[in-house]
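In case you want the letters, here they are:
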Amino acid sequence: MSLISTLNTPKAMLDTTVLCGALLTDGANRSLLRIARLGIYQPVISNVCLLEFLHNASKGLGKGSTKKVFDWNTIDTFLNFFVFH
């Protein structure tokens, strides 16, 4: 992407809940990340958000019987595809 097109691309700040939701299900949050990959907007994700996401995903997302803990390989694959592409 050229510098000029990057300057014209809208930016959106994403928080931890978007990343966690996108990891859990193929729903609206994952769609937001897919749209960003198309260049429709440029996601902005802080380092604090990434650290919080890593912590939450590795300790478990959800509550009770629906809680899902993700291994580091799954988290890494997700981040590389949806965030660091």
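In the block above lies the structure referred to throughout.
Trainee: Before we move on, can you summarise the overall build of the protein with the specific residues and values?
Mentor: On a plain count of helices and strands, the protein comes out with 5 helices and 2 strands. With the principal axes as the frame, the protein shows a C-alpha extent of 50 × 25 × 20 Å. Taking all 85 residues of the protein together, 32% fall into the buried category. Counting only contacts in the protein whose residues sit at least 6 apart along the sequence, the fraction spanning at least 24 positions is 62%. Summed over all atoms, the accessible surface of the protein reaches about 5600 Å², with 60% contributed by carbon and sulfur. For the protein, the separation between the mean place of its 8 positive charges and that of its 5 negative charges on side chains is 3 Å.

Trainee: So what's going on with helix 3 (residues 28–37)? Which residues, and what values?
Mentor: Residues of helix 3 that are buried include every one of Arg30, Leu33 and Ala36, and no others. For helix 3, the angular spread of buried residues about the axis comes to 115°, placing them on one side. Buried positions along helix 3 lie against helix 2 (16–24), strand 2 (42–44) and helix 5 (72–82). Phi turns positive, to about 90°, at Gly39, one or two residues after helix 3.

Trainee: Could you give an account of the packing of helix 3 against helix 5, naming the residues involved and the relevant values?
Mentor: Where helix 3 meets helix 5, the closest approach of the two axes is 10 Å, and the angle between their N-to-C directions is 45°. The orientation of helix 3 relative to helix 5 falls into the category oblique. Between helix 3 and helix 5, the contacting residues are Arg30, Leu33, Arg34 and Arg37 on the first element and Phe78, Phe81 and Phe82 on the second. Grouping the constituent residues of the contact of helix 3 with helix 5 by class yields 4 nonpolar, no polar and 3 charged.

Trainee: Which residues make up the environment of Arg37, and what are the values?
Mentor: Of note, Arg37 is situated in helix 3. Sequence separation between Arg37 and Phe84 is 47 residues, and the spatial gap between their C-alpha atoms is 10.0 Å. Within the local environment of Arg37, its side chain forms a polar contact with the backbone oxygen of Phe81, the two atoms lying 2.4 Å apart.

The rules behind these values
- Residues numbered from 1 in each chain as written.
- Predicted model: local features only at pLDDT ≥ 70, side-chain atom pairs only at ≥ 80, totals over all residues.
- Heavy atoms only, no water.
- Helix = DSSP H or I, 4+ residues; strand = E, 2+ residues; numbered from the N terminus.
- Buried < 20%, exposed > 50% of the residue type's maximum accessible area, 1.4 Å probe, protein only.
- Contact = heavy atoms within 4.5 Å.
- Areas by Shrake-Rupley, 256 points an atom, 1.4 Å probe, with all protein chains shown as cover.
- Lys, Arg positive; Asp, Glu negative; His and termini not counted.
- Charge placed at Lys NZ, Arg CZ, Asp CG, Glu CD.
- Arc of directions from axis to C-beta.
- Axes fitted to C-alpha atoms, helices over the stretch in contact; angles between N-to-C directions.
- Parallel < 35°, antiparallel > 145°, perpendicular 65-115°, else oblique.
- Nonpolar A, V, L, I, M, F, W, Y, C, P; charged D, E, K, R; others polar.
- Polar contact = N/O pair within 3.5 Å; in protein donor to acceptor, adjacent residues only side chain to side chain.

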